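What follows is the residue order along each chain.
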Amino acid sequence: MYRFPDYYDWTSNGLDGDVAYYADLAINTGGPVLELGCGTGRCTLGIARHGVEVVGLDREVRMLDRAKEKAMAWGLVDRCEWIEGDMKEFNLERRFPLVIIPYRSFLHLMNAREQLAALGCIREHLEEEGRLALNVFVPHVEWMVEKEDCILHRGTFSIPGTGEVVEVSDRTRYDHFHQRADVARYYERFDPDGTTIERLRTTFSLRYVYPSELMHLLQLAGLEVTQRYGGFRREPFGPHSTELIVEARMRP
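Below, the structure is looked at part by part.

The rules behind these values
- Residues numbered from 1 in each chain as written.
- Predicted model: local features only at pLDDT ≥ 70, side-chain atom pairs only at ≥ 80, totals over all residues.
- Heavy atoms only, no water.
- Phe/Tyr/Trp six-rings, centres within 6.5 Å; stacked < 30°, edge-to-face > 60°.
- Helix = DSSP H or I, 4+ residues; strand = E, 2+ residues; numbered from the N terminus.
- Buried < 20%, exposed > 50% of the residue type's maximum accessible area, 1.4 Å probe, protein only.
- Expected span 1.5 Å × (residues − 1).
- Arc of directions from axis to C-beta.
- Pairing = 2+ DSSP bridges.
- Axes fitted to C-alpha atoms, helices over the stretch in contact; angles between N-to-C directions.
- Contact = heavy atoms within 4.5 Å.

### Side note on the packing of aromatic side chains
Two aromatic rings, taken as a pair, are described by how far apart their centres are and by the angle between their planes. Applying the stated rule across the entire model yields 10 aromatic pairs. Ring centres of Tyr7 and Trp10 lie 5.1 Å apart, and the angle between their planes is 65 degrees; this geometry places the pair in the edge-to-face category. Of the two residues, Tyr7 and Trp10 are both situated in helix α1 (residues 4-11); the distance of 3 residues between them amounts to about one turn of the helix. Residue Trp10 is classed as buried on the basis of its relative accessible area, which comes to 14%. Measuring from centroid to centroid gives 6.4 Å for Tyr174 and Tyr208, while their planes differ by 75 degrees, and the two rings are edge-to-face.

### Re helix α4 (residues 61-73)
Residues spaced three or four apart along an α-helix point in a common direction, a consequence of the helix completing one turn every 3.6 residues. Counted at 1.5 Å a residue, the expected span for α4 with its 13 residues is 18 Å, and the 18 Å between its end C-alpha atoms agrees. Inspection of α4 places Met63, Leu64, Arg66, Ala67, Lys70 and Ala71 among the buried residues, and these make up the whole buried set. For α4, the angular spread of the buried residues around the axis is 160 degrees, confining them to a single face. For α4, exposure combined with an orientation more than 90 degrees from the buried face picks out Met72 and Ala73.

### Some remarks on the sheet that holds strand β3 (residues 80-84)
In spatial order, the strands read β3-β2-β1-β4-β5-β11-β10; together these 7 strands make up an open sheet with mixed pairing. Bordering the open sheet on either side are β3 and β10 (223-229), each of which pairs with just one other strand. Adjacent strand axes in the sheet meet at a mean angle of 20 degrees when their direction is disregarded. Running over the sheet, helix α5 (residues 112-125) touches β1 (33-36), β4 (96-101), β5 (126-137), β10 and β11 (243-250) and is turned about 145 degrees from β5.

### Points about unusual backbone geometry
For residues besides glycine, phi is generally negative; the peptide bonds are generally trans as well. Of note, the bond from Gly31 into Pro32 is cis; its omega dihedral lies within 30 degrees of zero at -5 degrees. Mapped onto the elements of the fold, Pro32 is located in the loop between α2 (18-29) and β1. The residue Tyr103 is not glycine, and still its phi comes out positive at about 55 degrees. Tracing the chain through its elements places Tyr103 in the loop between β4 and α5. Positive phi values are uncommon outside glycine, yet Arg104 reaches one of about 65 degrees. Here Arg104 is to be found in the loop between β4 and α5. Residue Arg104 is classed as partly exposed on the basis of its relative accessible area, which comes to 27%.

Worth remembering: the numbers are spatial, not functional.
If you want it as structure tokens, here you go:
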């Protein structure tokens, strides 16, 4: 039986262009970079491959263990530091020119108090001219209402070198008053002949945020938005955007 980080790595390919976007920011700042909610190091290692020093922070030890294994296998140990911690209450006693929260990890903060606590910690860890970059999905209420409590197929993913595949489906229930989504994620792994090998069910929750709400949160935390995009190739953000990418810095 495989561990959950295996399934996460097999099926979490990220968003189109996200690693390249964050790596470009990292190269331009020169590092070191602090990544919050680093998981198994998909973005962290993608940055380290460009020769930039990265500190990855995550509260889940199993994910960090997998990140360390990958860093060792890819010869990137000397560029990566891994820290077990919570993005809403950490103190590393150092500052960074760039702090990033990729892959919508900011949404795992479940209320405004937690969000502002995290942004406050980030501000304390930014250099004077430092930047914060993060991305979140844009909520479209009509779609959420239509798809609520439905089993939605998320994708079919190949397991490298085995011939096996994993099918992933989600079932989401919403509490729109609290802007909360509770997700049950189902994994089913098949051998090359199509026989089920293993099934796995996980759950997680997130709090979606609206674009204007995120702008206000950043302002309350003493940060000002310098760039806002609708895609990782720096497309303009507009009414039909499904992703919001934000860059911010400390307000003078």
